[in-house]
Amino acid sequence: YRPFFQDLAFNRGVGGATKFLQRAIGVKDDGALGPQTLKALEGLNPSEVMRNVSVEQMTYERRLAEQNPERKKFLNGLQNRVSNRYRLFGNAPTG
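Definitions and cut-offs
- Residues numbered from 1 in each chain as written.
- Predicted model: local features only at pLDDT ≥ 70, side-chain atom pairs only at ≥ 80, totals over all residues.
- Heavy atoms only, no water.
- 1 Å grid on protein atoms, 1.4 Å probe; cavity = no way out; pocket = protein on both sides within 12 Å on 5 of 7 lines; lining within 4 Å.
- Points joined across faces, edges and corners; volume = space filled by probe spheres on them.
- Helix = DSSP H or I, 4+ residues; strand = E, 2+ residues; numbered from the N terminus.
- Nonpolar A, V, L, I, M, F, W, Y, C, P; charged D, E, K, R; others polar.
- Salt bridge = Lys/Arg side-chain N within 4 Å of Asp/Glu carboxyl O.
- Buried < 20%, exposed > 50% of the residue type's maximum accessible area, 1.4 Å probe, protein only.
- Polar contact = N/O pair within 3.5 Å; in protein donor to acceptor, adjacent residues only side chain to side chain.
- Contact = heavy atoms within 4.5 Å.
- Axes fitted to C-alpha atoms, helices over the stretch in contact; angles between N-to-C directions.
- Parallel < 35°, antiparallel > 145°, perpendicular 65-115°, else oblique.
- Expected span 1.5 Å × (residues − 1).

A. The layout of surface pockets, seen in detail. By volume, the largest pocket is sized at about 250 Å³. What lines the largest pocket is simply Tyr 1, Arg 2, Phe 5, Gln 6, Ala 9, Val 14, Ala 17, Thr 18, Leu 21, Leu 33, Leu 38 and Leu 41. Breaking the lining of the largest pocket down by element, the ones donating at least two residues are α1 (2–25) and α2 (35–41). Top element by residues in the lining of the largest pocket is α1. It accounts for eight residues. Across the lining of the largest pocket, the residue classes tally to nine nonpolar, two polar and one charged.

B. Seen up close, the pattern of salt bridges. For the structure shown, the criterion picks out seven salt bridges. Of the charged contacts in the structure, one is a salt bridge between Glu 42 and Lys 39, with a shortest N-O distance of 3.4 Å. As far as burial versus exposure is concerned, Glu 42 and Lys 39 are alike and both exposed. Ionic contacts of the salt-bridge type, sharing partners, join the residues Asp 7, Arg 81 and Arg 85 into one network.

C. Inspection of the side chain of Gln 22 at higher detail. Counting through the fold element by element, Gln 22 comes out in helix α1. Engagement of the side chain of Gln 22 in a polar contact is seen with the side chain of Asp 30, the distance being 2.9 Å. Polar contacts involving the side chain of Gln 22 include one to the main-chain amide nitrogen of Gly 31, which spans 2.9 Å. The contact partners of Gln 22, leaving out residues within four places of it in the chain, are Val 27, Lys 28, Asp 29, Asp 30, Gly 31, Ala 32 and Thr 37.

D. Looking closely at the environment of Leu 64. Assignment of secondary structure puts Leu 64 in helix α3 (residues 46–67). Taking C-alpha positions, Leu 64 is 22 Å from Val 27, a pair spaced 37 residues apart along the chain. When sequence neighbours within four positions are dropped, the list of residues in contact with Leu 64 reads Arg 12 and Arg 71.

E. Summary view of the packing of α3 against helix α4 (residues 75–90). Two elements in contact, α3 and α4, have axes separated by 10 Å at closest approach and are oriented at 175°. Relative to α4, the element α3 is oriented roughly antiparallel. Seen from α3, the contacting residues are Ser 47, Met 50, Arg 51, Ser 54, Gln 57, Met 58, Glu 61, Arg 62 and Ala 65; seen from α4, they are Leu 75, Leu 78, Gln 79, Val 82, Arg 85, Tyr 86, Phe 89 and Gly 90. Partitioning the contact of α3 with α4 into residue classes produces eight nonpolar, five polar and four charged.

F. Quick look at α3. Spanning 22 residues, α3 covers 32 Å between terminal C-alpha atoms, matching the ideal 32 Å at 1.5 Å per step. Among the residues of α3, those classed as buried are Ser 47, Val 49, Met 50, Val 53, Ser 54, Gln 57, Met 58, Glu 61, Leu 64 and Ala 65. Contacts made by the buried residues of α3 are with α1, α2 and α4. Between the side-chain oxygen at the start of α3 and the backbone nitrogen of Ser 47 there is a gap of 2.8 Å, and the oxygen is on Asn 45.

Structural data, given as structure tokens:
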């Protein structure tokens, strides 16, 4: 998980990255990486978690672009970054 989330946090900050994770695994999205979030991660497939986090991020970014059309010019670059991040780290072996 570490390189994946380091890259995500670079783009959206630690709190933002944590919120995407929390939404992806179905816990309260308060931005705090605490015991509930860590417990919810136990036993989950890391690749699946990273894919779902990527979907959460792009859903968020598209919503921002709908609210502020000036942001639409960044969507392709963000999608490339998210896809590259998942391709690099999301298919890492588990265990």
